[in-house]
Amino acid sequence: MALVTGANKGIGLEIARQLGQAGVHVIMAARDAEHGATAVETVRSDALSVSGVQLDTTDESSIAAAATAISDEHGRLDILVNNAGIADWRDGPPSTASLDAVRAQLETNFVGTLAVTQAMLPLLRRSPAGRIVNLASILGSLAANGDPTSPVSAASAIGYNASKAAVNLLTIQLAAELADTSIVVNSVSPGFVQTDLTGGKGNVTPAEGAALPVKYALLGGDAMSGGFVGAAGPLPW
């Protein structure tokens, strides 16, 4: 049983599809119920086991309602993929970035991820092997941001980068907090994916970008926890 946030398009839709192809029942969460229902039918048309739930990561009441609905219908959750996120093109260097853009990205990308995780943890604790996958980004790497030779240092978007650095901190602290449980937590950076978030730019298709989070959602019993990885392997914090 898996919950994927932001599953109505882009990477989220492909994560849901690939988890379904692996035999997992996927609950596809979307902020807009109508768009979510359309996405569910798209994936279900491939004869995959999926259902939908309305969930806005910036609305605590909708998060709580989703958790209750999942508990009532399924009793537990085995996989949580925190995929929902935004980029705001008013963002930029610290001296000029729109404060509204910074707040919006932190609220959705970090606070929203934390809020969903807190709400779903009781359900994940009922699983024999819970898995949490946080969609991060190399843009959230402090080491890469501080390296003038890295292309990341030129991508000066204080709000987005800070939100993904905060997601990585969540992964570190949550993995430590859950170390004595069967729940595994990792951050993954899928790369520069061709989605609405990137304006359709990028060198990775949504299907290719989904492969990494799906891999970490399906880790076996000897799974690592507290990692930050890209397609080529571990990434610097």
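Chemist: An account of a nonpolar patch on the surface is needed here, citing residue identities and associated values.
Modeler: There is a patch of nonpolar side chains on the surface, built from Leu 169, Ile 172 and Trp 237 and spanning about 260 Å² of accessible area. Along the chain, Ile 172 turns up in helix H6 (residues 158–177). Since its relative accessible area comes to 36%, Ile 172 is described here as partly exposed.

Chemist: Go over the nonpolar core with me, naming the residues and quoting the values.
Modeler: Core analysis: the biggest nonpolar cluster contains 29 residues, and Ile 15, Leu 19, Val 26, Met 28 and Val 81 have the highest contact counts within it. Breaking this core down by element, the ones donating at least two residues are strand S1 (2–4), helix H1 (10–21), strand S2 (26–30), helix H2 (33–44), strand S4 (79–82), strand S5 (131–135) and helix H7 (206–217). Contacts of Leu 19, omitting those with residues within four sequence positions, involve Ala 2, Val 4, Val 24, Val 26, Ile 79, Val 81, Val 214, Ala 217 and Leu 218. Listed in part, the 24 residues of the second largest apolar core include Ile 27, Met 120, Ile 132 and Leu 170.

Chemist: Kindly report on the pairing of S5, identifying the contributing residues and their values.
Modeler: Across the 5 residues that make up S5, a large majority, 5, are buried. Bridging between S4 and S5 involves 4 bridges; their strand directions are parallel. Paired with Leu 80 across the two strands is Ile 132, which belongs to S5. Remark: the S4/helix H4 (residues 99–124)/S5 crossover connection has right-handed handedness. As defined by bridge partners, S5 adjoins strand S6 (residues 184–189) across 5 bridges and the pair is classed as parallel. In the strand pairing of S6, Val 133 is matched with Asn 186.

What counts, and at which threshold
Residues numbered from 1 in each chain as written. Predicted model: local features only at pLDDT ≥ 70, side-chain atom pairs only at ≥ 80, totals over all residues. Heavy atoms only, no water. Patch = residues over 30% accessible without salt bridge, like charges linked within 9 Å, V, L, I, M, F, W, Y side chains within 5 Å. Areas by Shrake-Rupley, 256 points an atom, 1.4 Å probe, with all protein chains shown as cover. Salt bridge = Lys/Arg side-chain N within 4 Å of Asp/Glu carboxyl O. Helix = DSSP H or I, 4+ residues; strand = E, 2+ residues; numbered from the N terminus. Buried < 20%, exposed > 50% of the residue type's maximum accessible area, 1.4 Å probe, protein only. Core = buried A, V, L, I, M, F, W, Y, C linked by side-chain atoms within 4.5 Å. Contact = heavy atoms within 4.5 Å. Pairing = 2+ DSSP bridges. Right-handed = clockwise from strand over helix to strand, strands pointing away.

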